[in-house]
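Each chain, written out:
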Amino acid sequence: MDARQVGSSLDSLISSFNTRIAELQELVIARNMYPASSVTDLSAIDAALKGMELQVKAINDRLHEETEAIPKAKKLIAKSLQQQKKLQSMSTYVPTSYLPGRSTTLPEGLVSEAFKQQPNQGTMVEEPVALPKEKKSRGSPPLWYITASELDSLSSYMRGRLTLEKVNAAISDMATYAEANAQLVAAPKKKLAENLWERALELRDIATSDSVKGKHFFLETDMKGPSLKLDNTGKAILTVLRHLGRISETRIAHHRVIILLKPQ
């Protein structure tokens, strides 16, 4: 081996050692930059991030629940307002001894002064009320309210879920229906709209029948509220009032006619 080959081998060996030393230096630098204790710190950060993710998920779930609850809350509020209006409406249909006065708004814009001035009647009125002078016509429909003792005297099967307020509010509704029919019967043709004339003729035929003549009445189809409607509750109220002698019924042609009775 000549001197050139020996020199080349030494250069190669020195280069190899230098490369290895450089690699070891990089490893030392890396070890100093990422000590063993850093693994624990990364685990703590990971745990903290997972905890935050869980909190964010819980917040999102809560927001989702609140969003779904908003329509339900709106429905409940609407029902509550509707119930409040219904109670306010009912409070206008009861005797003066324990409930406010009744409404006298009539359908089709027919309002009778005599009907507006009619005082509460019946056994439930505690204070004497001056009655208006009797007119030659039928006068105002009777408002013969029932008492708590009368309602309690009924069997639980007949009474069901009816309350004194519901029944007496229905009596006020019946008086309103009867007053509206009486005005249609008495109104001249020139004062009636075309859509009311045919109904007026039909009611006149009923009013002149032997079983109805001279009495206040309404038809079953008139039961459109606000308190008395043609449903199961309305039918139950009619049954109770018929049993207590407040109304009687007859059938004329295809109509079921309810007649309001006066106290004996």
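Residues numbered from 1 in each chain as written. Predicted model: local features only at pLDDT ≥ 70, side-chain atom pairs only at ≥ 80, totals over all residues. Heavy atoms only, no water.

Caption draft 1: Highlighting the packing of aromatic side chains. Evaluated as defined, the whole model comprises one aromatic pair. When the ring centre of W144 is taken as reference, the NZ or CZ atom of R246 above it lies at 4.2 Å. (Phe/Tyr/Trp six-rings, centres within 6.5 Å; stacked < 30°, edge-to-face > 60°. Lys NZ or Arg CZ within 6 Å of the ring centre and 35° of its normal.)

Caption draft 2: View of the sheet that holds strand β1 (residues 217-219). Overall, antiparallel pairing links the three strands, which are arranged β1-β3-β2 in an open sheet. Only two strands of the sheet have a single partner each, and these edge strands are β1 and β2 (247-252). Each adjacent strand pair in this sheet contributes to an overall mean axis angle of 30°, direction not counted. In terms of strand pairing, β1 meets strand β3 (residues 255-260) through three bridges, oriented antiparallel. Looking at the pairing, F218 lines up with I258 of β3. Sheet strands touched by helix α6 (residues 164-186): β1, β2 and β3. Its angle to β1, the strand with the most contacts, is close to 95°. (Pairing = 2+ DSSP bridges. Helix = DSSP H or I, 4+ residues; strand = E, 2+ residues; numbered from the N terminus. Axes fitted to C-alpha atoms, helices over the stretch in contact; angles between N-to-C directions. Contact = heavy atoms within 4.5 Å.)

Caption draft 3: Up close: the layout of surface pockets. Volume-wise, the largest pocket comes out at about 500 Å³. Forming the boundary of the largest pocket are 20 residues, of which K166, S227, T233, G234 and I237 lie nearest the centre. Of all elements in the fold, only α2 (38-90), α5 (156-159) and α8 (232-243) reach the threshold of two or more residues within the lining of the largest pocket. In terms of residues, the lining of the largest pocket owes the most to one element, α8, which gives five residues. A breakdown of the residues in the lining of the largest pocket according to their chemical character gives eight nonpolar, six polar and six charged. Residue-level mapping places the lining of the largest pocket at the junction of two domains, with at least three residues from each of domain 1 (46-92) and domain 2 (148-260). (1 Å grid on protein atoms, 1.4 Å probe; cavity = no way out; pocket = protein on both sides within 12 Å on 5 of 7 lines; lining within 4 Å. Points joined across faces, edges and corners; volume = space filled by probe spheres on them. Nonpolar A, V, L, I, M, F, W, Y, C, P; charged D, E, K, R; others polar. Domains from an automatic or database assignment.)

Caption draft 4: Representation of the packing of α6 against α8 within the structure. Put simply, α6 and α8 touch, their axes get as near as 10 Å, and they point 85° apart. When the interaxial angle is binned, α6 and α8 end up roughly perpendicular. Touching K166, V167, A170, I171 and M174 of α6 are I237, L238 and L241, all from α8. Classifying every residue of the contact of α6 with α8 gives seven nonpolar, no polar and one charged. (Parallel < 35°, antiparallel > 145°, perpendicular 65-115°, else oblique.)

Caption draft 5: Region of the structure containing helix α7 (residues 194-207). For α7, which comprises 14 residues, the first-to-last C-alpha distance of 20 Å matches the rise-based estimate of 20 Å (1.5 Å per residue) to within 8%. Within the span of α7, buried status applies to L196, A200, L203, I206 and A207. Take α7 and look down its axis: the buried residues cluster within an arc of 115°, on one side only. α7 presents E194, E198 and D205 as exposed residues on the side facing more than 90 degrees away from its buried surface. Each element contacted by the buried residues of α7 is listed here: α6, β1, β2 and β3. (Expected span 1.5 Å × (residues − 1). Buried < 20%, exposed > 50% of the residue type's maximum accessible area, 1.4 Å probe, protein only. Arc of directions from axis to C-beta.)

Caption draft 6: The arrangement of the pairing of β3 in detail. β3 sits mainly inside the fold: five of its six residues count as buried. Summarising the sheet, β2 and β3 pair through six bridges and their orientation is antiparallel. Paired with E249 across the strands is I258, a residue of β3. The hairpin formed by β2 and β3 contains two residues between the paired strands, and A253 there has a positive phi angle of roughly 55°.

Caption draft 7: How the structure looks around α8. Between the first and last C-alpha of α8 there are 17 Å, a value that for twelve residues agrees with the 16 Å anticipated at 1.5 Å per step. Among the residues of α8, those classed as buried are G234, I237, L238, V240 and L241. With its buried residues spanning 165° around the axis, α8 presents them on a single face. Seen from the buried face of α8, the exposed residues on the opposite side, beyond 90 degrees, are N232 and H243. Of the surrounding elements, those touching the buried residues of α8 are α5, α6, β2 and β3. For α8, the side-chain oxygen to backbone nitrogen distance between the N-cap and T233 is 3.3 Å, and the N-cap itself is D231. G245, located one to two residues past α8, shows a positive phi value of around 80°. (Polar contact = N/O pair within 3.5 Å; in protein donor to acceptor, adjacent residues only side chain to side chain.)

Shape descriptors only; they carry no functional weight alone.
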